[in-house]
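In case you want the letters, here they are:
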Amino acid sequence: MPREMTYYCHTCGSDQPHRQPRDDRERDVIRELAKKQKPNAFVDDYWICVSAERDCRNIRYAWSTKPFEAPHKMPEPEE
């Protein structure tokens, strides 16, 4: 079960709740993004904003507020 933590969200501009990826689809999205910067990136070190005020879904690294040059959002699940 993914954990939740409060981190600063670069997109929201404030501290917001974030969660770890919860399924293989989300891990694959993060793996693809992270591979461009670090080939051996640990996917569970990336967190997704779950702001209650807005549908943010910004992806951040646990140790860096803005790990990607342009912010990246977790895509909505395909139905």
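Residues numbered from 1 in each chain as written. Predicted model: local features only at pLDDT ≥ 70, side-chain atom pairs only at ≥ 80, totals over all residues. Heavy atoms only, no water.

**Student:** Any details on the overall build of the chain? Residues and values, ideally.
**Tutor:** Looking only at helices and strands, the chain features 1 helix and 4 strands. Across the chain, helices and strands are ordered from the amino to the carboxyl terminus as β-β-α-β-β. For the chain, the C-alpha radius of gyration of 12 Å lies close to 12 Å, the compact-globule estimate for 79 residues. Within the chain, the proportion of its 79 residues that are buried is 35%. In the chain, the share of contacts with a sequence separation of at least 24, taken over all contacts with a separation of at least 6, comes to 45%. Of the roughly 5200 Å² that the chain leaves accessible, carbon and sulfur atoms contribute 48%. (Helix = DSSP H or I, 4+ residues; strand = E, 2+ residues; numbered from the N terminus. Rg over C-alpha atoms; globule rule 2.2 N^0.38 Å. Buried < 20%, exposed > 50% of the residue type's maximum accessible area, 1.4 Å probe, protein only. Contact = heavy atoms within 4.5 Å. Areas by Shrake-Rupley, 256 points an atom, 1.4 Å probe, with all protein chains shown as cover.)

**Student:** Go over the pairing of strand β3 (residues 46-49) with me, naming the residues and quoting the values.
**Tutor:** Going residue by residue along β3, you find Tyr 46 and Ile 48 tucked away on one face and Trp 47 and Cys 49 tucked away on the opposite face as well. Sheet topology note: the strand β2 (residues 14-19)/β3 ladder contains 2 bridges and is antiparallel. Counterpart to Arg 19 in the pairing with β3 is Ile 48. The pairing of β3 with strand β4 (residues 59-61) spans 3 bridges and is antiparallel. In the sheet register, Ile 48 faces β4, and the bridge partner there is Ile 59. (Pairing = 2+ DSSP bridges.)

**Student:** Let's hear about the packing of aromatic side chains: which residues, and what values?
**Tutor:** Under the definition given, this model contains 3 aromatic pairs. An angle of 55° between the planes, with centres 5.0 Å apart, marks the rings of Tyr 46 and Tyr 61 as tilted. Here Tyr 46 is found in strand β3, whereas its partner Tyr 61 is found in strand β4, with 15 residues between them in sequence. The burial state of Tyr 46 is the same as that of Tyr 61; both residues are buried. Aromatic pair Tyr 46 and Phe 68: ring centres 6.1 Å apart, planes at 20°, arrangement stacked. Remark: Phe 68 occurs in the segment after β4 and Tyr 46 occurs in strand β3; sequence separation between them is 22 residues. What makes Tyr 46 buried here is its relative accessible area of 2%. Taken together through their ring pairs, the aromatic side chains of Tyr 46, Tyr 61 and Phe 68 make up a single cluster. (Phe/Tyr/Trp six-rings, centres within 6.5 Å; stacked < 30°, edge-to-face > 60°.)

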